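Structural characterization, general
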There are 2 protein chains.
Amino acid sequence: MKAKISDAVVNRLPVYRRYLEDLMHEDVERISSNELSKRIGFTASQIRQDLNNFGGFGQQGYGYNIRALYKEINSILGLDQEYRMVIVGVGNLGQAIANHTKYYKNGFPIIGMFDINPKVIGLRINDVVVQDADNLVDFLKENKVDIGIITTEKEAAQGIADRLVQGGVRGIWNFAPRDLVVPKNVSVGNVHVTDTLNSLVYRISHIEEE
Amino acid sequence: MKAKISDAVVNRLPVYRRYLEDLMHEDVERISSNELSKRIGFTASQIRQDLNNFGGFGQQGYGYNIRALYKEINSILGLDQEYRMVIVGVGNLGQAIANHTKYYKNGFPIIGMFDINPKVIGLRINDVVVQDADNLVDFLKENKVDIGIITTEKEAAQGIADRLVQGGVRGIWNFAPRDLVVPKNVSVGNVHVTDTLNSLVYRISHIEEE
DNA sequence: TGTTTTTTGTTATTATTATAACAGTCAAAA
DNA sequence: TTTTGACTGTTATAATAATAACAAAAAACA
């Protein structure tokens, strides 16, 4: 009868992870919800409540052990496993992701890259050669892929998503400015970059009113 | 006594904008909150309530005129103005943004680019030459810049933010995985890309439990 | 032209999320 | 050891956000 964790909480987990990583690099050993609150900007109460959704990781009179908590959060997030990824759409953004060391070296190997543009097909990035997008379905049949990354233009996004789903991916990391329709056993994580610029602009132009 | 618009609403505005743009391209003239609800996935009630924060754009028995509403939302977002931008950090991601036609052609001219890497300093992208980051403060003194884009590594992000603020930018579009400290008259829009991958992974690994 | 249907704007209600409060536990100090 | 103070885990309360309901208005139809 484990209660469903709300999206708000799930979206804060990577934030905790980030701050804990920084704290580890500062060689801090432990931290109270109160101190963490000052850094991270959430209330101490919220921090304690968030963490308690997953277990009692702290200790009264001591706080939280940073290294242990970091490990727990990684485990909660599912980062103790490897996720094999393919990139569809090898433009500037696709290449930026492909070149991001953190991904291909730490649990997120990019094992295939696809595009329809003859100019990039054949290109080699970190020992992976960009293939024709027509090969995508076959590739997915032959290789277990966990996450498909969509960095195509928006018009192609749903079609690619369909092929990725058909090929059995468990998640889609979508950078195209289109919301995707997928079966409910597949998760989508959107990065609607332009949306964030638009809401930033809203805040800029309404900042005086407050 | 205009009530403060919540972040939840502000973050949905770009979504409305995106769907309305698509509808315009489909040459649809009008839409009811109910039909829009089916497309966009928010409840009709929420759509009506969101829009009514800004004015009565619809008409009983008719719905919303798409072209007019699109224009209204652009105006609400502040997209009827121009925002001059600089990019700090011209790696893969910075270049991807610099090359994005939509930005430099539609209200978001990129007028300066900066890096510390001698290999990219001097590089020309869309007629803008990458300068040494040491020139940033001087450049900001001489040119009105509205938005600074941070695409550096996380360690440099806060220092760049300080210089951007000092140089008078109104907003910072931050792609570095660090939360920034800025005065309250400056807005920050974060794109914590890796956070979205982490929460996607959470959802993937917990999808069966539901 | 009158009637029915559609659909909004807006208020009321419910659900969700965040904050506050506090008893109980552990660590550190005396 | 014993006591004090520092914290968590957890429940209670408040704030916020989403949904539902509905009267009023306009459009469509007869």
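For every chain, the first residue of the written sequence is number 1, and numbering continues from 1 onward in sequence order. For naming, the first written chain is A and the first written ligand is 1, with later ones following in the order written. In keeping with the model being predicted, local features are shown solely for residues with a pLDDT of at least 70 and side-chain atom pairs are shown and tallied solely at 80 or more, while totals for entire chains, interfaces and linings include all residues. Remark: hydrogens and water are excluded; side-chain values derive from all non-hydrogen atoms of the structure.

**Some points on the overall build of chain A**
Under the scheme used here, helices are H or I runs from DSSP no shorter than 4 residues and strands are E runs no shorter than 2 residues, and both carry numbers assigned from the N terminus. Helix and strand content of chain A: nine helices and ten strands. With respect to the principal axes defined by its C-alpha atoms, chain A has extents near 60 × 45 × 40 Å. Whether two residues are in contact is decided by their heavy atoms: any pair within 4.5 Å suffices. The contacts in chain A between residues at least 6 apart in sequence include a share of 54% that link residues at least 24 apart. Using the Shrake-Rupley algorithm and a 1.4 Å probe, accessible areas are obtained, with residue cover drawn only from the displayed protein chains. Surface summary for chain A: the accessible area is close to 10600 Å², and the carbon and sulfur share equals 47%. Counted as positive: Lys and Arg. Counted as negative: Asp and Glu, with His and the chain ends omitted from the count. For the purpose of locating charges, the reference atoms are NZ of Lys, CZ of Arg, CG of Asp and CD of Glu. Here chain A holds 24 positive side-chain charges and 26 negative ones, and the gap between their average locations is 5 Å.

**Topic: helix α8 (residues 154-166) of chain B**
With 13 residues, α8(B) extends 19 Å from end C-alpha to end C-alpha; this agrees with the ideal 18 Å at 1.5 Å per step. Burial classes: relative accessible area under 20% of the type maximum marks a residue as buried, over 50% as exposed, and values in between as partly exposed (1.4 Å probe, protein chains only). Among the residues of α8(B), those classed as buried are B:K154, B:A157, B:I160, B:A161 and B:L164. Elements in contact with the buried residues of α8(B): α1 (7-25) of chain A together with β4 (85-88), α7 (136-142), β8 (147-150) and β9 (171-174) of chain B. Working rule for helices: expected span equals 1.5 Å times residues minus one.

**Quick word on the protein's contact with DNA strand D**
Around DNA strand D, the structure places 24 residues, and the nearest of them are A:S33, A:N52, A:Y64, B:S45 and B:Q49. Across the atoms of DNA strand D situated within 4 Å of the protein, the share located in sugar and phosphate is 62%. What qualifies as a polar contact is a pair of N or O atoms within 3.5 Å, subject to a donor-acceptor requirement within protein and to the restriction that residues adjacent in sequence count only when both atoms come from side chains. One of the side-chain nitrogen or oxygen atoms of A:Q60 is found 3.4 Å away from a base oxygen of DNA strand D. Within the side chain of B:Q46, a nitrogen or oxygen atom sits 3.4 Å from a phosphate oxygen of DNA strand D. Those elements giving two or more residues to the surface near DNA strand D turn out to be α3 (44-52), β2 (58-59) and β3 (63-65) of chain A together with α3 (44-52) of chain B. No other element matches the four residues that α3(B) contributes to the surface near DNA strand D. Whether a residue is near a molecule or strand depends on its heavy atoms: it is near if one of them lies within 4 Å of it.

**Some points on the interface of chain A and chain B**
Taken residue by residue, the interface counts 61 residues in chain A and 62 residues in chain B. Summed over both sides, the interface of chain A with chain B buries roughly 5200 Å², with 58% coming from carbon and sulfur. The salt bridge partner of B:D179 is A:R18, with a shortest N-O separation of 3.4 Å. At the level of secondary structure, the elements contributing two or more residues to the side of chain A that touches chain B comprise α1, α4 (66-77), α5 (92-98), β9 (171-174), β10 (187-190) and α9 (193-205) of chain A. Accessible area that two parts lose when put together, evaluated with a 1.4 Å probe and summed over both, is termed the buried area. The term salt bridge refers to a pairing of a side-chain nitrogen on Lys or Arg with a carboxyl oxygen on Asp or Glu at a separation within 4 Å.

**Structural notes on the protein's contact with DNA strand C**
Not every one of the 24 residues close to DNA strand C is listed here, only the nearest: A:S45, A:Q49, A:Q60, B:S33 and B:Y64. A breakdown of the atoms of DNA strand C within 4 Å of the protein gives sugar and phosphate a share of 58%. In the environment of DNA strand C, a base oxygen lies 2.9 Å from a nitrogen or oxygen atom belonging to the side chain of B:R48. A distance of 3.2 Å separates a phosphate oxygen of DNA strand C from a polar atom in the backbone of B:F57.

**Description of the packing of aromatic side chains**
All names here are of chain B. Stacked, tilted and edge-to-face are the three classes assigned to paired rings of Phe, Tyr and Trp, where Trp is represented by its six-membered ring and a pair needs centres within 6.5 Å; plane angles under 30 degrees give stacked, over 60 edge-to-face, the rest tilted. Here the structure, examined in full by the defined rule, presents 14 aromatic pairs over all chains. Ring geometry for Y103 versus W173: centroids 5.6 Å apart, planes at 85°, classification edge-to-face. Placement of the pair is Y103 in helix α6 (residues 101-105) and W173 in strand β9, with a sequence separation of 70 residues. Per residue, the accessibility class of Y103 equals that of W173, and both read buried.

**Regarding the nonpolar core**
Take the buried Ala, Val, Leu, Ile, Met, Phe, Trp, Tyr and Cys residues and link them wherever side-chain atoms come within 4.5 Å; each set so joined is a nonpolar core. Counting residues in hydrophobic clusters, the biggest one holds 98 residues, and the most contacted among them are A:I147, A:W173, B:I147 and B:W173. Leaving out residues up to four positions away in the same chain, B:I147 has contacts with A:L197, A:L200, A:V201, A:I204, B:Y83, B:R84, B:M85, B:V86, B:F108, B:G171 and B:W173.

**Structural notes on helix α9 (residues 193-205) of chain B**
Taking 1.5 Å of rise per residue, 13 residues should cover 18 Å, and α9(B) covers 19 Å from first to last C-alpha, within 8% of that figure. The complete set of buried residues in α9(B) reads B:V193, B:D195, B:L197, B:N198, B:S199, B:L200, B:V201, B:Y202, B:I204 and B:S205.

**Re the pairing of β4(B)**
All names here are of chain B. Taking every second residue as pointing to the same face, both faces of β4 are buried, with M85 and I87 on one and V86 and V88 on the other. Here the rule is simple: two strands pair whenever DSSP picks up at least two bridges between them. Strand direction decides the pairing type here: β4 and strand β5 (residues 110-115), joined by four bridges, are parallel. Bridging from a neighbouring strand, V86 pairs with G112 of β5. Across four bridges, β4 lies against β8 in parallel orientation. Residue pairing in the sheet places M85 in a bridge with I147 of β8.

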